[in-house]
Amino acid sequence: MPRHSETSVPRPSGTASPYDVARWCAANGWPVHPLAPGRKTPAANCGACRDEPHRPQDCPCRTTGRWCHGFHAATTNPALLEAWWGGHPTLGVGVSCGPAGLVVLDIDAHSAEVPDRNRLLPGIPIHESVNLEGLASGFDTLALLAALRGQQNPADDDSTLRVRTPSGGLHIWYRTPQEGPRYRSSVGSSPKVALAWQVDVRATGGYIVTPATRTPAGTYSPVGPARLPAVLPNWLAAELQRTGHPVNDQPAAVPLPRRGPVRPARQRAHRLLEPLLAQVEACAAAPEGTAFTEKLNRAAYTAGGLIASGHLTEGQARDLLTAVADTARPHRSRHSLAVITSALSAGTSRPLHLKGRP
C-alpha cells in the first residue's frame, strides 16, 4: 500500500533521471512502468505479445522481467527498476494509478469547440444567468464546478502535488484513503461518465506520466511547494460518486434458467464478444483505413450489455478491450480509453440476456 512519505531517493526535478524518478515513485508505494523514449505512451510490447494478442493477466512476460502491456506491468520491484531504467535510461516513467491508490485530475487546455452549457458539467444544468463568456478549457470548467460547490479550485490547491504538462495542462494528484472506495478512469469528453469537460480522471484502469518526464514538447514540471499527493477532498469524492466513477467488480446476480442444460453464462459471453474483439485486433495489420474506432465502439457497447446482465465484470471487460485496443493502436491509448468508456456506459443501458441452448 502506498506510504506517501519522503525518502532518501532524489525527488523529481528538472535534472532527475528517469531511474531516480522510478525509484522515488516505488519508494512511495506507486507501481511504475516504462514509457516509450520521448513519449507519454507505454513502451512497446515484445514481439510475441504483438504477434499473438492476449489478455494482460494471461501474459507470461511479467515473470520474465518484460514490461509488456503498459500499466499492467507496473511494479515496485527494485531489480526490475534497475533492469528497465538502469539498462534503458531514455525510457520515461508512468505510474499505474489504481494500484497506487491515486486519483489524478488531468486538466486539458486544448483548442476545441466549447459544447452546450449543459454538457460542460455532466449532470449539472447551468442556468442561463451564469455568464460563460471566455470559458475555453478544462481550467475553466473545473473552476466552475468548484465555485458551484463553494470549494477551492483544485488547480490552486498547493497542498497537493501538481504537475504542469508540456501542452499547458495540469495534473493534480490526490490519494484515496487505504480503506476508501476505488475510482475508475474517464475522459472529459464522455457524455455520461465525466467530471467536467476537458478534465480527465486518471485512476483505476489508467496511468499518469510522472513529473520530470521529458518529451520533445517539454518537461512535466512540478509546480508549487508540494511534492506528494494530499488526500482526495471529500467534495471531489462526492462528485466522483455522483458521476459514476466508483469501481464495482462484482457481477450482478443472474437467475439460473428453470430448465434445460446450458453452457456457463460467462463462456457464452466470451463467445459472443470474441469475434468483435478479433475484429479490433485485426486493425493492427494497417495503421489506418480499418474502421478501428467503429469496431472498438461495437465491442465495448456489447461488453457493456454483458456487464449490465451480469455475465462480465467491468474490470474483466476493460482488461479485454484495453488489451486489444493497445495491440491494434499502441500509440492511441487516450483515444481508445475515450471510446471504451463511452461505449461501455452506453451499453450498460441495454442488458444482453443470453439464453441457454437445450
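The coordinates are above.
Student: Help me understand helix H3 (residues 78-87), please; the structure alone is not making it clear to me.
Tutor: For an α-helix, 3.6 residues make a turn, and residues three or four places apart therefore share a direction. Those residues of H3 that sit buried are Leu 80, Leu 81, Trp 84 and Trp 85. Angular distribution of buried residues about the axis of H3 spans 100°; they occupy a single face of the element. In H3, those exposed residues whose orientation departs by more than 90 degrees from the buried face are Pro 78, Ala 79 and Glu 82. The inward-facing, buried residues of H3 abut helix H1 (18-27), strand S1 (32-35) and strand S2 (92-96). Its side-chain oxygen at 2.8 Å from the backbone nitrogen of Ala 79, Asn 77 defines the N-terminal cap of H3.

Student: Explanation requested: the nonpolar core in the structure shown.
Tutor: The tendency in soluble globular proteins is for nonpolar side chains to be buried as a group. If you look at the biggest cluster of nonpolar residues, it comprises 32 residues, and the most contacted ones within it are Cys 25, Trp 30, Val 32, Trp 85, Val 95, Leu 102 and Trp 173. Residues Leu 121, Tyr 174, Trp 197 and Val 201 belong to the second largest nonpolar core, which totals 30 residues.

Student: Explain the pairing of strand S6 (residues 199-202) to me, please; I cannot follow it from the model alone.
Tutor: In summary, the side chains of a regular strand alternate between the two faces of the sheet. Every second residue of S6 is oriented toward a common face, with Val 199 and Val 201 on one face and Asp 200 and Arg 202 on the other, all of them buried. As paired strands, strand S3 (residues 102-107) and S6 are joined by 4 bridges and run antiparallel to one another. Across the sheet, residue Asp 106 finds its bridge partner in S6, namely Asp 200.

Student: In this structure, what is going on with the sheet that holds S2? I would like to understand it.
Tutor: The strand order S1-S2-S7 describes an open sheet built from 3 strands, whose pairing is antiparallel. Whereas interior strands pair on both sides, the edge strands pair on one side only; in this sheet they are S1 and strand S7 (207-209). When strand polarity is set aside, the average angle formed by the axes of neighbouring strands in this sheet is 35°. Pairing between S2 and S7: 3 bridges, direction antiparallel. Each bridged residue has a counterpart across the sheet, and for Gly 94 the counterpart in S7 is Val 209. With respect to the sheet, H1 is in contact with S1 and S2, its orientation differing from that of S2 by roughly 15°.

Student: Could you clarify how one ought to interpret the environment of Val 324 in this entry?
Tutor: Tracing the sequence through the fold places Val 324 in helix H9 (residues 314-328). When the C-alpha atoms of Val 324 and Glu 281 are compared, they prove to be 5.3 Å apart, with 43 residues separating the residues in sequence. Setting aside residues no more than four positions away along its own chain, Val 324 makes contact with Leu 277, Val 280 and Glu 281.

Student: When you look at the pattern of salt bridges in this model, what are you seeing that I'm missing?
Tutor: Side-chain pairs of opposite charge can arise where the charged atoms are in close proximity. Throughout the structure, instances matching the rule amount to 7 salt bridges. Linking Arg 202 and Asp 200 is a salt bridge whose minimum nitrogen-to-oxygen distance equals 3.5 Å. Across the pair, Asp 200 and Arg 202 agree in class, each one buried. A single salt-bridge network, built from bridges that share partners, covers Asp 106, Asp 200 and Arg 202.

Student: I tried to follow the environment of Thr 204 on my own but got confused; where do I start?
Tutor: By secondary structure assignment, the location of Thr 204 is in the loop between S6 and S7. A relative accessible area of 21% places Thr 204 in the partly exposed class. Between the alpha carbons of Thr 204 and Tyr 183 there is a distance of 5.9 Å; along the sequence they are 21 residues apart.

Cut-offs applied
- Residues numbered from 1 in each chain as written.
- Predicted model: local features only at pLDDT ≥ 70, side-chain atom pairs only at ≥ 80, totals over all residues.
- Heavy atoms only, no water.
- Buried < 20%, exposed > 50% of the residue type's maximum accessible area, 1.4 Å probe, protein only.
- Helix = DSSP H or I, 4+ residues; strand = E, 2+ residues; numbered from the N terminus.
- Arc of directions from axis to C-beta.
- Contact = heavy atoms within 4.5 Å.
- Polar contact = N/O pair within 3.5 Å; in protein donor to acceptor, adjacent residues only side chain to side chain.
- Core = buried A, V, L, I, M, F, W, Y, C linked by side-chain atoms within 4.5 Å.
- Pairing = 2+ DSSP bridges.
- Axes fitted to C-alpha atoms, helices over the stretch in contact; angles between N-to-C directions.
- Salt bridge = Lys/Arg side-chain N within 4 Å of Asp/Glu carboxyl O.

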